[in-house]
Amino acid sequence: MITVEHLTKRYGSVTAVDDISFTLETGHIYGFLGPNGAGKSTTMNIMTGCLAASAGEVTIDGHDIFEDARQAKRLIGYLPEIPPLYTDETPWEYLSFVAQAKGIPAKQIPDEVARVVAETRLDEMAGRLIRNLSKGYRQRVGIAQALLGSPPYIILDEPTVGLDPLQIIEIRDLIRQLGEKHTVILSSHILSEVQAICESVLIIAHGRLVAFDTPQNLEKMLTAAGRMTLCAEATPDQVQGLLAGVREVTGCEVQADEAAGGCRAELTLQGDANAAARAIFLAFAKAGRPILQMTPVRADLENIFIELTEDEPSGKKEPIHESGI
Amino acid sequence: MKAVFKHEAGLYSHGLLAYVFGAFLLEFIGIGAMLYNINAAVANFEYALGTFCIGFVALVPILTMRVLAEEKKQKTDQLLSLLPLSSTDIILGKYFAMALVFVIPMLVACVYPLIFSLYGEVYLPTSYGALIAFVFLGLALIAIGMFISSLTESQGMAAGLCVVVMLFCCYSASLADYIASTAFNLVALVVIAALLALLVRRLTCSDAAGILVLVLCLAAVGVVWLVNPDSLATLLPDLMSRLSLFERFYTFVNGVFDVTAIVYYLSVAAFFLFLCVQSWEKKRYNG
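Residues numbered from 1 in each chain as written. Chains lettered and ligands numbered in written order. Predicted model: local features only at pLDDT ≥ 70, side-chain atom pairs only at ≥ 80, totals over all residues. Heavy atoms only, no water.

1. Things to note about the overall build of chain A
Put simply, the rule reads: Only DSSP runs of H or I covering at least 4 residues are called helices, and only runs of E covering at least 2 are called strands; the numbering of each starts at the N terminus. Buried means the residue's accessible area, taken with a 1.4 Å probe over protein chains only, is under 20% of the maximum for its type, while exposed means over 50%, and partly exposed covers the values in between. Two residues form a contact once any of their heavy atoms are found within 4.5 Å. Values of accessible area rely on a 1.4 Å probe in the Shrake-Rupley scheme; residue burial ignores everything except the protein chains shown.
Scanning chain A for helices and strands turns up eleven helices and 14 strands. The 325 residues of chain A split such that 51% are buried. Within chain A, contacts between residues separated by at least 24 positions form 68% of all contacts whose residues are at least 6 apart in sequence. With the model as given, the accessible surface of chain A reaches about 14,300 Å², and the carbon-plus-sulfur share is 49%.

Dropping the structure here:
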């Protein structure tokens, strides 16, 4: 379990990370989401011991990353945003050095390097100089470095940035595979990527944690404000008249739409979405006007992201917190 | 530390740098030996070392310029920071690898006095005494060069700064002779205090620490001025002569094995390695 408590990082008068707290359980894939400059990389660098914090604590399975750095770092594999590679070496030489630095016994190093090379599908490139490898393969070397010693926590900072679509798919598949054996924490500002891979999302904006939940729960929460699309066999006037009698409907835009069966309405609701749907259904049924379609409008992760991160830095608000995991 | 040492030694063995450094080092010593021991038929190998120790001005920057600056530029310093290694492990591992690159050609140079002894009377104790001091002088200068490399991301900048510092180290005792007047001493001491304060400010990123060092240095100069104004005229020259690394080496060239000089070289090396560790740690705190 990774515990981050009241983590703050200041550079002079600039606060890059502002009092962030969260707990990451084992066995999940977590996504760090945030616009550029939000504080994702800084948070990850502090969590991995590359950077000191101005205040706060980070513990990895009970080991403090600042006080008990050596032990805590053994539990983490980290791929920084720019893979830190010695380009004059082959992946094999590079990985052998990292393995030794991680304290893997000398006799086990060749087997361990072979394992991560196979796992990241670097076999054909293991003997070439890193400077001659494509960006995708360099990224794999960086991930292989993080996997050495089988640390329980793998932290990947924007692992797909700068890759072509095919390479992105390959790296995503690799991350999914890693998620079966390790706790994976990856940062990205690509929403679809996080939605596709991660079981839980932490959204960071202006150095603060503004949300921490599953993508599904976040969508649900932001649907609570409530919008619904309705298609019915009725004229716009009839629809407006029927909806006027439903207390949960606070606003509606109705227009005639033959393709939708008569008319289409965009509703704004208050209160419980299911109660509103029931009341609308009963009102239309009583009037003998068939409802052909009634769909709650759900915010996708993109809308949630925009809504949560577009606030001014000064507008401090309580983070939306995890409920599902 | 062992992992970093092995890795660095491996990088040196694959690259050209160590071989160029070794070749130039042996060339400098070889030219000295040729001029003194072969052409002039002088039996003292230490004279060759004494004359051509100025070669360190070019050699130390060659060896040290990339050692930490390149790590910063390539962002591989982040790898070292995320591995379960302490800053001391990293700095010492790198330093000992450079020391190895320096000592291997020196082992070759150790054969020279033996070769000369085949053709005439060579007093081996003074030759080997000077060789030992030469190695310790080199180790101290390499630590200084390494610290300079830790201050910048640019190899060129590190090399240029290192050449300037090596030249100063080499000629500080000679320069001291030109500093005669009290006024000049005072100005020079204030400039040195300011430079020291700037260095501390850069290492700690704290204005308060820099100002504190400046105030302490100026206060010390002020106290000397108040207590004994005459001594101010000789304070800087004395300091420069006493702190000169090269001046102490000439004692060995003159046939005296000065243990305090060896201790001094080791202290200088330890002090600058300590500063290297602080400089490395600074990046963790300031990103």
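Now that the structure has been shown, the text picks up again.
2. Structural notes on the nonpolar core
Short version of the rule: Remark: nonpolar core denotes a set of buried residues (Ala, Val, Leu, Ile, Met, Phe, Trp, Tyr, Cys) joined through side-chain atoms within 4.5 Å.
Counting residues in hydrophobic clusters, the biggest one holds 150 residues, and the most contacted among them are Phe22 and Met47 of chain A together with Phe102, Phe134, Leu245 and Phe249 of chain B. No other element matches the 15 residues that helix H9 (residues 124-150) of chain B contributes to this core. Membership of the second largest hydrophobic core comes to 18 residues, among which are Val246, Ala265, Leu267 and Ala283 of chain A.

3. Digging into the side chain of threonine 8 of chain A
Residue and element names in this part refer to chain A. By secondary structure assignment, the location of threonine 8 is in strand E1 (residues 2-11). Judged by its relative accessible area of 6%, threonine 8 is buried. Once you skip the residues sitting within four places of it in the chain, threonine 8 turns out to touch Thr15, Val17, Asp18, Asp19, Ala53, Ser54 and Ala55.

4. Observations regarding the pattern of salt bridges
Note the threshold: Think of a salt bridge as a Lys or Arg side-chain nitrogen and an Asp or Glu carboxyl oxygen that are within 4 Å of each other.
The tally for this structure, following the rule as stated, stands at 14 salt bridges over all chains. A salt bridge links arginine 131 of chain A to aspartate 88 of chain A; its shortest N-O distance comes to 2.5 Å. With arginine 131 of chain A in the loop between helix H4 (109-119) and helix H5 (135-147) and aspartate 88 of chain A in the loop between strand E6 (76-79) and helix H3 (91-101), this pair connects stretches of sequence that are 43 residues apart. Given the relative accessible area of 44%, arginine 131 of chain A is considered partly exposed. Between lysine 94 of chain B and glutamate 71 of chain B there is a salt bridge whose closest N-O contact spans 2.5 Å. Here lysine 94 of chain B, found in helix H7 (residues 87-109), pairs with glutamate 71 of chain B, found in helix H5 (residues 69-74); they are 23 residues apart in sequence, far enough to count as distant. Overall, the relative accessible area of 0% leaves lysine 94 of chain B in the buried class.

5. Some words on the interface of chain A and chain B
Reports often express the size of an interface as the amount of accessible area lost when the parts come together. To keep things clear, this is the line we draw: Buried surface area refers to the total accessible area, computed with a probe of radius 1.4 Å, that the two partners give up upon joining, counted for both partners together. Put simply, Ala, Val, Leu, Ile, Met, Phe, Trp, Tyr, Cys and Pro go in the nonpolar bin, Asp, Glu, Lys and Arg in the charged bin, and everything else, Gly too, in the polar bin.
At the interface, 26 residues of chain A touch 25 residues of chain B. Between chain A and chain B lies a buried interface of about 2,400 Å² when both sides are counted; carbon and sulfur atoms form 61% of it. Two residues, aspartate 89 of chain B and arginine 70 of chain A, come together in a salt bridge whose shortest N-O distance is 2.8 Å. Elements with a contribution of two residues or more to the side of chain A that touches chain B: E1, helix H2 (69-74) and H3 of chain A. For the side of chain A that touches chain B, the element with the highest residue contribution is H3 of chain A, accounting for six residues. The residue makeup of the side of chain A that touches chain B, split by class, is 14 nonpolar, five polar and seven charged.

6. Observations regarding unusual backbone geometry
In this structure, glutamate 158 of chain A is a non-glycine residue whose phi angle is positive, near 45°. The phi torsion at lysine 75 of chain B lies on the positive side, around 65°, for a residue other than glycine. As for its placement among the helices and strands, lysine 75 of chain B is situated in the loop between H5 and helix H6 (77-82). With a relative accessible area of 34%, lysine 75 of chain B lands in the partly exposed category.

7. Observations regarding the sheet that holds strand E12 (residues 249-257) of chain A
Residues and elements named next belong to chain A. The cut-off we apply is this: Only strands joined by at least two bridges in the DSSP assignment are considered to pair. Helix axes use the C-alpha atoms of the stretch in contact, all axes being lines fitted to C-alpha atoms, and the angles between their N-to-C directions lie in the range 0 to 180 degrees.
With respect to topology, four strands assemble into an open sheet ordered E12-E13-E11-E14, the strand pairing being antiparallel. Looking at the sheet topology across the chains shown, the edges are occupied by E12 and strand E14 (291-296). Averaged over all pairs of adjacent strands, the angle between their axes in this sheet comes to 15°, without regard to strand direction. Contacting strand E11 (227-232), E12 and strand E13 (262-269), helix H9 (residues 236-244) runs over the sheet at an angle of about 165° to E12.

8. What to know about the pairing of strand E10 (residues 208-213) of chain A
Residue and element names in this part refer to chain A. Counted residue by residue, E10 has six buried out of six residues, so it is predominantly covered. Pairing of strand E9 (residues 200-205) with E10 involves five bridges; the strand directions are antiparallel. Within the sheet, the bridge partner assigned to leucine 202 lies in E10 and is phenylalanine 212. Counting the residues between successive antiparallel strands, the hairpin from E9 to E10 contains two residues, one of them, histidine 206, with a positive phi of roughly 50°.

9. Side note on helix H10 (residues 155-176) of chain B
Along an α-helix, residues three or four apart share an orientation, since each turn contains 3.6 residues. Residue and element names in this part refer to chain B. Filter applied, for reference: Take the residue count of a helix, subtract one, and multiply by 1.5 Å to get its expected span. Two axes define the bend at a residue: one fitted to the seven residues ending there, one fitted to the seven starting there, and the bend is the angle between them. For the purposes of these results, a polar contact is taken to be a pair of N or O atoms within 3.5 Å, where, inside protein, one atom must be able to donate a hydrogen and its partner to accept one; residues adjacent in sequence count only when each atom of the pair is a side-chain atom.
The end-to-end C-alpha separation of H10 is 30 Å, in line with the 32 Å expected for 22 residues at 1.5 Å each. The largest bend in H10 amounts to roughly 50° and is located at cysteine 170. Within the sequence span of H10, burial applies to Ala158, Ala159, Cys162, Met166, Cys169, Cys170, Ser172, Ala173 and Ala176. Next to the buried residues of H10 lie helix H4 (56-64), H9, helix H13 (232-243) and helix H14 (245-253). The opening residue of H10, the one whose side-chain oxygen lies 3.4 Å from the backbone nitrogen of glycine 156, is serine 154.

10. Concerning the confidence of the model for chain A
Going by this rule: Residue-level confidence of the predictor is summarised by pLDDT, bounded by 0 at the bottom and 100 at the top.
On average, residues of chain A score 83 in pLDDT, and 89% of them are at 70 or above. Mean pLDDT across the elements of chain A ranges from a minimum in helix H11 (residues 301-309) of chain A, with 67, to a maximum in H3 of chain A, with 93.

11. Observations regarding the sheet that holds strand E2 (residues 14-24) of chain A
Residue and element names in this part refer to chain A. The sheet built from four strands is open, its strands ordered E2-E1-E4-E5 with antiparallel pairing. Each having just a single partner strand, E2 and strand E5 (63-64) make up the two edges of the open sheet. Pairing between strand E4 (residues 55-60) and E5: two bridges, direction antiparallel. What sits directly across from threonine 59, in E5, is aspartate 64.

12. So, the confidence of the model for chain B
For chain B, per-residue confidence averages 86 on the pLDDT scale, and 98% of positions sit at 70 or higher. Averaged over each element, pLDDT in chain B is lowest for H13 of chain B (76) and highest for H7 of chain B (94).

13. Section: the environment of isoleucine 60 of chain A
Residue and element names in this part refer to chain A. Relative to the helices and strands, isoleucine 60 is located in strand E4. In this structure isoleucine 60 comes out as buried when scored by relative accessible area, which is 0%. Here the alpha-carbon distance between isoleucine 60 and glycine 207, two residues 147 residues apart in the chain, equals 21 Å.

14. Observations regarding the packing of helix H2 (residues 17-39) of chain B against helix H3 (residues 45-52) of chain B
Residue and element names in this part refer to chain B. Using the following cut-off: The labels follow the angle: roughly parallel below 35 degrees, roughly antiparallel above 145, roughly perpendicular from 65 to 115, and oblique for the rest. Here a crossing is called left-handed whenever its near helix is offset anticlockwise from the far helix by less than a right angle, and right-handed whenever the offset is clockwise.
Where H2 contacts H3, the two axes come as close as 8 Å, and the packing angle between them is 130°. When the axis of H2 is compared with that of H3, the two are oblique. The element H2 and its partner H3 pack so that their crossing is right-handed. Across from Phe28, Ile29, Ile31, Gly32, Ala33, Leu35, Tyr36 and Asn37 in H2, the residues of H3 making contact are Phe45, Tyr47, Ala48, Leu49, Thr51 and Phe52. Here the residues of the contact of H2 with H3 sort into eleven nonpolar, three polar and no charged.

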